[in-house]
Amino acid sequence: MKNISTFRTFNGTLSVHDHDSAVTGTVMRFAVYVPPQAETGPVPVLWYLSGLTCNWSNVMEKGNLQQAAARHGVIVVAPDTSPRGESVPDDEAYDLGQGAGFYLTATQEPWAKHFAMDRYITDELPDIIAEHFPADMSRQGIFGHSMGGHGALTLHLKHPGTYRSCSAFAPIVAPMRVPWGIKAFTAYLGGDRSGWAQYDACELVRKKASDAHILIDQGLADTFLEDQLKPELFETACVDAGQQLTLRRQAGYDHSYYFIATFMDDHIAHHARALG
């Protein structure tokens, strides 16, 4: 692991790192905020998954994250949204290829060699965090924005024992039924939709609800609300499955980091309560 930069902020430390990933076959970059409470012992870990076109810097620079994490005493890990590099396939569109990993394991060429962001986050990066940071890996939560909200919901529902708490900002909840998801799933997974359901939060919660109380914030001025996000589909699926859900519809808020920063403290507090 190579340290790229380190910053002191809110009496904690934000650091950015590169490492060689065996899962993606590329160099991967991630950021970690360690709060001041970690000076006296391990603290809970929150995984923040970013949306399309983003990387670690978006939430760390614009999400009002460090102040909230310092207040509540949690480590926050921000991975990248995809593998990157000259050898990694890409697409001219913003919603496919580099920056658009969709937190799945691709099975189709040319993506299959490198695109396995779900396994990178669940199987590889946690070992690095456990080795190098004062992290209590028995207390982990996960949250994210948009495509990252999709990732947070699906990884929580597939690994509820690992990610004991979950929340999301404006998540893609039904990728099998919206243009972003259909495009990405067709490219990464192929045309056989039977393999898509394992990456769809609505389908996963219907199969098995978790014991967590999921929090979602959705801006009502979000231009992607009706065509791409459709939170009401997840709301219905949770009711049918008996999943605890608080879906807050926020008037006047859009899809931006101004929206995320406004409610960041609420989300980190939600996780801190659940993780003790």
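Structure: see above.
Report on the accompanying structure. (Residues numbered from 1 in each chain as written. Predicted model: local features only at pLDDT ≥ 70, side-chain atom pairs only at ≥ 80, totals over all residues. Heavy atoms only, no water.)

Looking now at the pairing of strand β1 (residues 2–9). In this sheet, strand β2 (residues 12–20) lies alongside β1 in antiparallel orientation, the contact comprising seven bridges. Note that in β2 the partner of Phe7 across the bridge is Leu14. Between β1 and β2, which pair antiparallel one after the other, the connecting turn spans two residues, and Phe10 there sits at a positive phi close to 50°. (Pairing = 2+ DSSP bridges. Helix = DSSP H or I, 4+ residues; strand = E, 2+ residues; numbered from the N terminus.)

The next point concerns the sheet that holds β1. Read from one edge to the other, the open sheet built from nine strands follows the order β1-β2-β3-β5-β4-β6-β7-β8-β9, with strand pairing classed as mixed. Looking at strand neighbours, the two that pair on one side only are β1 and β9 (244–250), the edges of this open sheet. Strand-to-strand twist across the sheet, computed as the mean angle between neighbouring axes with direction ignored, equals 20°. For strand β4 (residues 43–49) and strand β5 (residues 75–78), the ladder comprises three bridges, and the chain directions are parallel. Counted as the bridge partner of Trp47 is Val77 from β5. Across the sheet, helix α2 (residues 65–72) is in contact with β1, β2, β3 (27–34) and β5; its angle to β3 comes to roughly 55°. Lying on the sheet, helix α4 (residues 147–158) is in contact with β4, β6 (135–145), β7 (163–169) and β8 (213–219); it crosses β6 at an angle near 140°. (Axes fitted to C-alpha atoms, helices over the stretch in contact; angles between N-to-C directions. Contact = heavy atoms within 4.5 Å.)

Here the focus is the packing of aromatic side chains. With the rule as written, the count across this model stands at 13 aromatic pairs. Centre to centre, the rings of Trp111 and Tyr188 are 5.4 Å apart; their planes meet at 90°, and the pair counts as edge-to-face. Of this pair, Trp111 sits in the loop between β5 and α3 (117–132) while Tyr188 sits in helix α5 (residues 179–189), and the two are 77 residues apart along the sequence. For the pair formed by Trp111 and Tyr188, the shared burial category is buried. Centroid distance Phe115 to Tyr188: 5.5 Å. Interplanar angle 25°. Geometry classified as stacked. Placement of Phe115 in the loop between β5 and α3 and of Tyr188 in helix α5 is noted, with a sequence separation of 73 residues between them. Taken as a pair, Phe115 and Tyr188 share a single burial class, namely buried. (Phe/Tyr/Trp six-rings, centres within 6.5 Å; stacked < 30°, edge-to-face > 60°. Buried < 20%, exposed > 50% of the residue type's maximum accessible area, 1.4 Å probe, protein only.)

Under the 1.5 Å per step criterion, the end-to-end length of α4 is 17 Å for 12 residues, consistent within 8% with the ideal 16 Å. For α4, the buried fraction is high: 11 of the 12 residues fall into the buried class. Of all the residues in α4, the buried ones are Met147, Gly148, Gly149, His150, Gly151, Ala152, Leu153, Thr154, Leu155, His156 and Leu157. (Expected span 1.5 Å × (residues − 1).)

Now for the pattern of salt bridges. When their charged atoms lie close together, side chains carrying opposite charge are able to pair. Tallied over the entire structure, the rule returns 10 salt bridges. Asp265 serves as the salt-bridge partner of Arg71, at 2.2 Å between the closest nitrogen and oxygen. With a gap of 194 residues between them, Arg71 in helix α2 and Asp265 in helix α9 (residues 257–275) connect regions that are remote in the sequence. Residue Arg71 is classed as partly exposed on the basis of its relative accessible area of 47%. You can call Asp265 partly exposed: its relative accessible area is 24%. Salt-bridge contacts for Arg206 lead to Glu203; the nearest nitrogen and oxygen are separated by 3.6 Å. (Salt bridge = Lys/Arg side-chain N within 4 Å of Asp/Glu carboxyl O.)

Within the secondary structure layout, Thr154 lies in helix α4. Relative accessible area serves as the criterion here: at 1%, Thr154 is assigned to the buried category. At 2.9 Å, the side chain of Thr154 forms a polar contact with the backbone oxygen of His150. For Thr154, the residues in contact, after removing those within four places along its chain, are Tyr199, Asp200, Ala201 and Leu204. (Polar contact = N/O pair within 3.5 Å; in protein donor to acceptor, adjacent residues only side chain to side chain.)

In this section: unusual backbone geometry. Leaving glycine out, the prevailing phi sign among residues is negative, and the prevailing peptide bond configuration is trans. That bond from Glu109 to Pro110 is cis: its omega, 5°, falls within 30 degrees of zero. On the secondary structure map, Pro110 appears in the loop between β5 and α3. Located in the positive-phi region is Thr53, a residue other than glycine, with phi close to 75°. Of note, Ala170 is a non-glycine position whose phi angle comes to about 45°, a positive value. Assignment of secondary structure puts Ala170 in the loop between β7 and α5.

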